[in-house]
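Residue-level listing of the chains:
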Amino acid sequence: MTKYVILFFLILTNTLFAEIKKVNIIGNKRVNSATIESLVDKKISNIDTIYINNLTKKLYDTDFFADVKISFSQNALNINIVENPIVNFFYINGVKDSDLDEVNKIITLKENSIFSSSKLKKDIELTREYLNTSGYYQASIIPEVIKIDNNQINLIINIDKNEISKIKNIYFIGKKFFSDSQLIDVITSTEDSWWNFFSTSAFSEPRIEYDKQLLKEFYKSKSFYDVQIESVFASIDKNNNFNLTFSINSGKKYRFGDYDLKVLGLTLKEEDIREIKNITNKLLYNAFYSPLTINKLNIQVIDFLETKRYNNYEISIQDLKVTDDRINIIVQLNDSQKSLINKINIRGNTITEEKVIRDNLIISEGDQLNLSKVKKSVDNVKSKQLFSKVDYKIEDSDIKNFKDLNLFVKEQPTGNISAGVGYGTNGGLFEASINERNFLGQGINLNFTGRFSAEVIRGEFGYVDPNFKNSNKEVAASLFSELDDYKNSGYQNKRAGSRVATKYEIYEDIFFRPNLGVQFDNLEVTGSASNLLRSRQGDFVTTSLGYNFSYDNRDSKFNAKSGSLIYFDQNIATFISDVPTVQSGVGGTFYKELYTDKFIGSAKARLTNVTAFNNKDVKLSDRIFASSSDLRGFEQRGVGPVDSGDHIGGNNLATLSLKSTFPNPIPESLRANTFLFLDMGNIWGVDYSNAISESSKLRTTTGIALDVMSPVGPISFTYSIPLSKVSTDKEQNFLFNIGSSF
């Protein structure tokens, strides 16, 4: 028995504590034996199954080998390998243009690269992920691996994208508080409909994740601190399209509670501390909670500290839920070690030029690192709406006391087409526009708009550069041509012209916009017109200088629910014009939630005057008319002074429009919005004659409007009832439009 124990011990010793004195490598042709042997740890004396398995895995991980077998005997490690083949020929079949470029970037297997099954599998997975982000969830990816001589292969990737999987319907369920029509304006995903020409209706998981983030931010901005986007469920139909359902639990609304200022390691004057507390009190006292308000507080405190020349500080604002309806705020100012920015790296922009992104940063290389400025810069980039996602990361630099700022962006479609078809009691209308917000990746906005109706044919081309030659000023230019043939105004007018303008912010939310223009007019009067009206016809050249001041603090530029837009503008036709005039206007629109978010009220007021110089009279084309949104219930040129039965506009206009949304019983799936409105106003003043008929009576109309999402597209109906009018006014009680922006 003792003999067997000793023999077993000797065998075990040879296995576990043997020494590698020799490495035999068999089967390699391209890979150098020294390269393989460098992976072998010869110092280890424990040559067991675990060691052999780990070495086998290490060799497979190089992707050089298709098969590896390792054995150990008599102090020799034997490695038998079969090398992976080389890709002799590579081709991607089935995609082209931008898709081909992107797939070529994704796939690592190229000509003269070492082929492996694991590489191929990973390349196919990444290619499928790319196609999925564009909505091609039914894509077929079939590789062909063709073996040829000398351990080489030809590799062909066959891709059939099939039909794009689109979103047919989007639903919102749960305790959502807001209507579907409000929520669908928040997200980037859209339903597939006949008026959608761009890929935003494609089903995309990354976009849906971004939509969840947008919804959460929206609810928090509306005081719903506890909001949860509980789930997003996507069901596929028989046509391989998706129905998307967001499940939401809004929670309840919160107000700001107590607020405190903490200063650590930073020396502030007592009067400066009082001012910061005063800024905080003005913004937060009894106000509804919103991250937008917190961000505004952050900006105002930073601006104040910078005016007082405080440096090397770090600000953080913490929100803390203390009761079921109150959020306490702590503003904390800390002394911070001075770090400078070494590099700003921007990643993810394949179309957009880096300059466009850098133009929106308020921090640059060499500046002191300030987290608040970094976050504000990120917000600026987001606001351009060129990217579906913007994020950042700060990392240590190679240089002491320096940091690198890495910005990550994800591009999204920036082109859109809009169209509208309408009909009212004054005839039909078709209007369409094509817009590109990021032309050639330079952040330039190009727009073409066409309008066709029984009375107006108009085409306009516009160009806007938001940061012309790094001046932080917007530059805009436009060309237009228009033919007006108003049967109820007694004349036909042909106009063509151009305008150049710039715009910049002179103070927070206050903008200044000067402009220069030139216009050519040809006015022809019909045979039924009066002699006075006939005297106004002819050809005219007008050069103009104008400017506009505006204050805009709306919560949204497109679907505002709070805030205001106030403006004053003047446009002066200079003395080198055939008819020198000055047109002045002042107005504003104010938005406010009335009872609940179901009742969003707005009040829009407008006052305009046009006056000619040098004892001349204002051209007919420069006379003022009320728009269809100023005085609903009347034709666009159906109110004001009348000359021989023709409405010829006035020298003055004043209007006031009150409007409110209200709940309706229409099914949520139709996303219907209803409005009640009351319009009032008048047009008066005829400088070329004292004998022209006009009335000082205030016109008023009331009515109801409905916007609804129908199977044929978005439809709007307006029904108006004039409450006060005069006999010469031309009514338009009903207006119908089909179409939308997409």
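Our structure's up above, just so we're on the same page.
Keep in mind the model is a prediction, meaning the values are calculated, not measured.

**Q** If you had to explain the environment of Phe662 to someone new, which residues and values would you point to?
**A** Here Phe662 lies in strand β30 (residues 652–662). Not counting residues up to four positions away in its chain, the partners in contact with Phe662 are Lys598, Phe599, Thr674, Phe675, Leu676 and Ile704.

**Q** Can you tell me about the sheet that holds strand β5 (residues 140–148), naming the residues and giving the values?
**A** Whether parallel or antiparallel, the strands of a sheet pair through hydrogen bonds between backbone atoms. An order of β4-β6-β5 is seen for the three strands of this open sheet, with the pairing classed as mixed. Since the sheet does not close on itself, it has two edges, and those belong to β4 (86–93) and β5, each with one partner. Strand-to-strand, the axes of this sheet are offset by a mean angle of 15°, without reference to chain direction. In this sheet, strand β6 (residues 152–160) lies alongside β5 in antiparallel orientation, the contact comprising nine bridges. Bridge assignment links Pro143 to a residue of β6, and that residue is Ile157.

**Q** Could you give an account of the packing of aromatic side chains, naming the residues involved and the relevant values?
**A** With the rule as written, the count across this model stands at 18 aromatic pairs. Summarising the aromatic geometry, the rings of Phe218 and Tyr219 are spaced 5.7 Å apart at their centres and angled 80° between planes, so their arrangement reads as edge-to-face. Owing to a relative accessible area of 13%, Phe218 belongs among the buried residues under this scheme. Take Tyr219: its relative accessible area is 0%, and that puts it in the buried class. Within the aromatic cluster, the residues linked to one another by ring pairs are Phe177, Phe178, Phe218, Tyr219 and Phe224. The aromatic ring of Phe288 is capped on one face by Lys253, whose charged end is 5.1 Å from the ring centroid. The residue whose ring lies beneath Lys473 is Tyr504, and the NZ or CZ to ring-centre distance is 5.1 Å.

**Q** Residues and numbers for a nonpolar patch on the surface, please.
**A** Taken together, Ile506, Tyr507, Phe549, Phe568, Val586, Leu607 and Trp684 make up a surface patch of nonpolar side chains, about 660 Å² in accessible area. Within the secondary structure, Leu607 sits in strand β26 (residues 600–612). With a relative accessible area of 45%, Leu607 lands in the partly exposed category.

Cut-offs and rules
- Residues take numbers from 1 onward in each chain, read along the sequence in its written order.
- For this predicted model, a pLDDT threshold of at least 70 governs which residues receive local features, and a threshold of 80 or more governs which side-chain atom pairs are given and counted, while totals over whole chains, interfaces and linings are taken from all residues.
- The side-chain figures draw on all heavy atoms in the structure; neither hydrogens nor water molecules are used.
- Runs of E in the DSSP output that reach at least two residues are strands. Runs of H or I that reach at least four are helices, and both are numbered from the N terminus.
- Two residues form a contact once any of their heavy atoms are found within 4.5 Å.
- At least two DSSP bridges between two strands are needed for those strands to be called paired.
- A fitted line through C-alpha atoms serves as each axis, taken over the contacting stretch for helices, and the angle formed by two N-to-C directions is quoted from 0 to 180°.
- Ring pairs shown here join Phe, Tyr and Trp side chains whose ring centres sit within 6.5 Å, with only the six-membered ring taken for Trp; geometry is labelled stacked below 30 degrees between planes, edge-to-face above 60, and tilted in between.
- For each residue, the accessible area found with a 1.4 Å probe, counting protein chains only, is set against the maximum for its type, and the residue is called buried under 20%, exposed over 50%, and partly exposed in between.
- Two conditions define a charge located above a ring, namely a distance within 6 Å from the ring centre to NZ of Lys or CZ of Arg, and an angle within 35 degrees of the ring normal.
- Patch membership requires over 30% relative accessible area and the absence of a salt bridge. Like charges are linked within 9 Å, and nonpolar side chains (Val, Leu, Ile, Met, Phe, Trp, Tyr) within 5 Å.
- A 1.4 Å probe and the Shrake-Rupley method give the accessible areas. Residues count as covered only by the protein chains that appear here.
- Should a side-chain nitrogen of Lys or Arg be within 4 Å of a carboxyl oxygen of Asp or Glu, the pair is scored as a salt bridge.

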